[in-house]
Amino acid sequence: MESLIKIENIVKRYDMGAEELYALKNVSFEINKNEYVAIMGPSGSGKSTLMNIIGCLDTPTSGTYILNGKDVSEMDDNELAHIRNKEIGFVFQTFNLLARSNALHNVELPLVYAGISKNERIKIAEDALASVGLEDRMKHKPNELSGGQRQRVAIARALVNNPSLILADEPTGNLDTKTGEEIMALLADLNSKGNTIIIVTHEKDIAKHARRIIKIRDGLIADDTTKPLKGEI
Amino acid sequence: MNFFLETKENFAISFKAITANKMRSILATLGIVIGIAAVTLMQTAIEGINIAFEKSIAAIGADVLYIQKFEWFGKEDFELYRNRRDITMYHFDYIKRNATTVASMCPTMGSPRTIQYGEYSLQNVFAIGTTNEYQETFGIDMEDGRFFTQKESDAGYPVVCIGTDVKNALFPNSNPIGKSIKVGTYSFKVIGVVEKQGSLLGLFSLDNRVIIPAERFTKIFGTRRSISINLKAEDLNNIEDTREEVRSIMRKARKLQPWVKDDFGINQQEAFRQTYEQLTSLIKIIGLIITSLSLIVGSVGITNIMFVSVKERTKEIGIRKAIGAKRSTILMQFLIESATICLMGGFIGLMISFPLSLIINAFVLPTSMPLWVVILGLFISLLFGVLSGFFPAFNASKMDPVESLRYE
């Protein structure tokens, strides 16, 4: 199996005036391509910090993080922006769509920053929206869409640049159970098509969709279990 | 390519942001609107004043020197000028005999007279006595008839050329040529009408005058007045040489010792120009202060509104950064937004000042807004847009994606 994420001895320290707060004390793990991983932990466990580092929104205080063969732990802001654009698709709990833009434009946006021309952009974005079942909602603004539809737009946006990793932060947190299940089914489907998916959650029901569950507690990995595939036993 | 795409996107964003807050954007831009309207109107007015000035001093002639008892815009005590000796025909003849760089020259003397023709009369008309070279010296064109000849001039024939004001007042319905008019109590035959010359600085008309031979003038009105000796330089480019030559001739004629200052003035158009420039530069400075004040106030308003705009779009900035917007992209986004607001203000300002310039043109002084003023106005608004948007935009570009995503 090819390794996509290689995290070694990651430490994240926050200086809170006189106090030093270790959000991550020493974390190491690897994630292979096409894995479906859930990162679990109670609030304050450091899972959000870990997610931010995996998502290249933040850099570790020490340790190395290799994403898709590139050492991102030492990159500057602009290089990180480039990596986020190319390698990572985010799915957030609160969807984080641009309120004033319609679904199509929201999905187009990563392609704008990737420097892809207008016509090509629209075609790719339309395909991405179609792949999440929203072909008839392209011109709708977020406030004209249901929660589940918004999250589908967000997933289409995450997919549109063909990232090596989809990073979902409590993707069902703002959805009812039924819609949440639909979103999880969509993510499972994406995983079966070859996408690597990491979801960050504190809900067991959600985490169980993943084959591998990494549990974080007090800035350390408390547990890392991979379910055997059916018939593998 | 990438930059171009991002810029296009940034324009779309700023358009959306501005239209989403129409009222706020318009109010924020008010200072810029006033500033641009003021700056363009002021320039237009100055342009108009300049044109009017050039037009009205054209009659003085750039290449003509005026030897007179007084200096124009003289700064010395009036007593000093008053006690000077008169300038007379003797000096005129003396210069005429000796000067080598003078193309033509004529004396002028004058006093206000009442002009009469039949039942019509006109008071306070300036009667000028001069020679036939007057026409060449001042480059006068005739509307009708002719100027007097050397023979008429030397012999002091009772002939007269009249200005258009005089013609209009005395001959509203008839041709004045060949008619006999009274200058004071003396009869003259009208032989020409001088083409309309307008007014000097808009103050007094150059057409409200009659011109007669100097020989005649001194005979009937006497010689007890200082005359003006008017010289047209051979070459405008060497007018300073002519001025020096005439000055030394004049000193010789007046028998001035080397250590004595000139007791006469050599005037030229330049004096008007200098005084005018002093005056307008003052107007310009005052105008500049007023417009920069309103632009600065406007710019602070824009900065303020941009800070608000950045603050309330913190989340948006976070989202954009998360999906790959670089610092420079965010910086440009907000710079373009504030530049667009200011440019809009500039447009509105021009939309206010342009009709106003038409009103000024119609009622105050002939002027038109030059294209460069329009461009300048837009350039200034763009500049202020970038300047006033810089700090907010820089703040936005520096925002931490994690923090800004968390912002509600």
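This brings us to the interface of chain B and chain A. When the parts come together, some accessible area is lost, and that loss is often what is quoted as the size of the interface. Counting residues at the interface gives 26 residues for chain B and 28 residues for chain A. Counting each side, the surface lost to burial between chain B and chain A is near 2400 Å², with a carbon and sulfur contribution of 58%. Run the count over chain B and chain A and you get one salt bridge. For Arg327 of chain B, the salt bridge identified is with Asp77 of chain A, shortest N-O distance 2.9 Å. At the boundary of chain B with chain A, the tally comes to eight residue pairs in polar contact (both at pLDDT 80 or more). Sorting the residues of the side of chain B that touches chain A by element identifies α1 (2-20), α12 (314-322), α13 (327-363) and α15 (401-406) of chain B as the ones contributing at least two each. A per-element tally of the side of chain B that touches chain A places α1 of chain B first, with seven residues. Of the residues contributing to the side of chain B that touches chain A, the split by class is 11 nonpolar, three polar and 12 charged.

One can read the domain layout of chain B as domain 1 (2-56 + 274-406) and domain 2 (85-263). Spacing between the C-alpha centres of domain 1 of chain B and domain 2 of chain B amounts to 56 Å.

Attention shifts here to the sheet that holds strand β5 (residues 70-71) of chain A. All names here are of chain A. With antiparallel pairing, the four strands of this open sheet are ordered in space as β2-β1-β4-β5. Each edge of the sheet is formed by a strand with only one pairing partner; in this case those strands are β2 (19-32) and β5. Direction of pairing for strand β1 (residues 3-16) relative to β2: antiparallel, over a ladder of 10 bridges. The partner of Ile5 across the bridge, within β2, is Ile31.

Residue and element names in this part refer to chain B. Scanning all chains against the criterion turns up 14 aromatic pairs over all chains. A centroid spacing of 5.1 Å and a plane angle of 45° characterise the contact between Tyr66 and Trp72, whose relative ring orientation is tilted. With a relative accessible area of 23%, Trp72 lands in the partly exposed category. Judged by centre distance (6.0 Å) and plane angle (85°), the rings of Tyr186 and Phe221 are edge-to-face. Here Phe221 lies in helix α9 (residues 214-221) and Tyr186 lies in strand β7 (residues 186-194), a separation of 35 residues in the sequence. In this structure Phe221 comes out as buried when scored by relative accessible area, which is 14%. Chaining the aromatic ring pairs together yields one cluster made of Tyr66, Trp72, Tyr134, Phe138, Phe147, Phe148 and Phe272.

A word on the environment of Met250 of chain B. All names here are of chain B. With respect to the helices and strands, the residue Met250 is situated in helix α10 (residues 239-253). As a C-alpha pair, Met250 and Asp262 span 12 residues in sequence and 8.9 Å in three-dimensional space. Apart from residues no more than four positions distant in its own chain, Met250 is found in contact with Ile67, Ile87, His91, Ile95 and Phe264.

Residues and elements named next belong to chain B. Among the surface-exposed residues, Ile352, Leu356, Ile359, Phe363 and Val364 lie close enough to one another that they form a single nonpolar patch of about 520 Å² accessible area. Here Ile352 shows up in helix α13. On the basis of relative accessible area, Ile352 is assigned to the partly exposed category, the value being 39%.

Turning our attention to the sheet that holds strand β7 (residues 165-169) of chain A. All names here are of chain A. Spatial strand order, β6-β7-β8-β3-β9-β10: six strands in an open sheet with mixed pairing. Edge positions in the sheet fall to β6 (88-91) and β10 (220-226), since each of these pairs with one other strand and no more. The average undirected angle you get between the axes of adjacent strands in this sheet is 15°. Strands in contact with helix α6 (residues 177-192) are β3 (36-40), β7 and β8 (197-201); relative to β8, the strand with the most contacts, it is inclined by about 150°.

Time to look at the pairing of strand β2 (residues 102-117) of chain B. Looking along a regular strand, one sees the side chains alternate between the two faces of the sheet. Residues and elements named next belong to chain B. With six bridges joining them, β2 and strand β11 (residues 228-233) adopt antiparallel strand pairing. Its bridge partner being in β11, Cys106 is matched across the sheet by Asn230. In the sheet, β2 pairs with strand β3 (residues 120-130) via eight bridges, with the strands oriented antiparallel. For Met109, the partnering residue across the bridge sits in β3 and is Gly129. Connecting β2 to the next strand, β3, in antiparallel fashion are two residues, including Gly118 with a positive phi near 55°.

What counts and what doesn't
Residues numbered from 1 in each chain as written. Chains lettered and ligands numbered in written order. Predicted model: local features only at pLDDT ≥ 70, side-chain atom pairs only at ≥ 80, totals over all residues. Heavy atoms only, no water. Contact = heavy atoms within 4.5 Å. Buried area = accessible area lost by both parts, 1.4 Å probe. Salt bridge = Lys/Arg side-chain N within 4 Å of Asp/Glu carboxyl O. Polar contact = N/O pair within 3.5 Å; in protein donor to acceptor, adjacent residues only side chain to side chain. Helix = DSSP H or I, 4+ residues; strand = E, 2+ residues; numbered from the N terminus. Nonpolar A, V, L, I, M, F, W, Y, C, P; charged D, E, K, R; others polar. Domains from an automatic or database assignment. Pairing = 2+ DSSP bridges. Phe/Tyr/Trp six-rings, centres within 6.5 Å; stacked < 30°, edge-to-face > 60°. Buried < 20%, exposed > 50% of the residue type's maximum accessible area, 1.4 Å probe, protein only. Patch = residues over 30% accessible without salt bridge, like charges linked within 9 Å, V, L, I, M, F, W, Y side chains within 5 Å. Areas by Shrake-Rupley, 256 points an atom, 1.4 Å probe, with all protein chains shown as cover. Axes fitted to C-alpha atoms, helices over the stretch in contact; angles between N-to-C directions.

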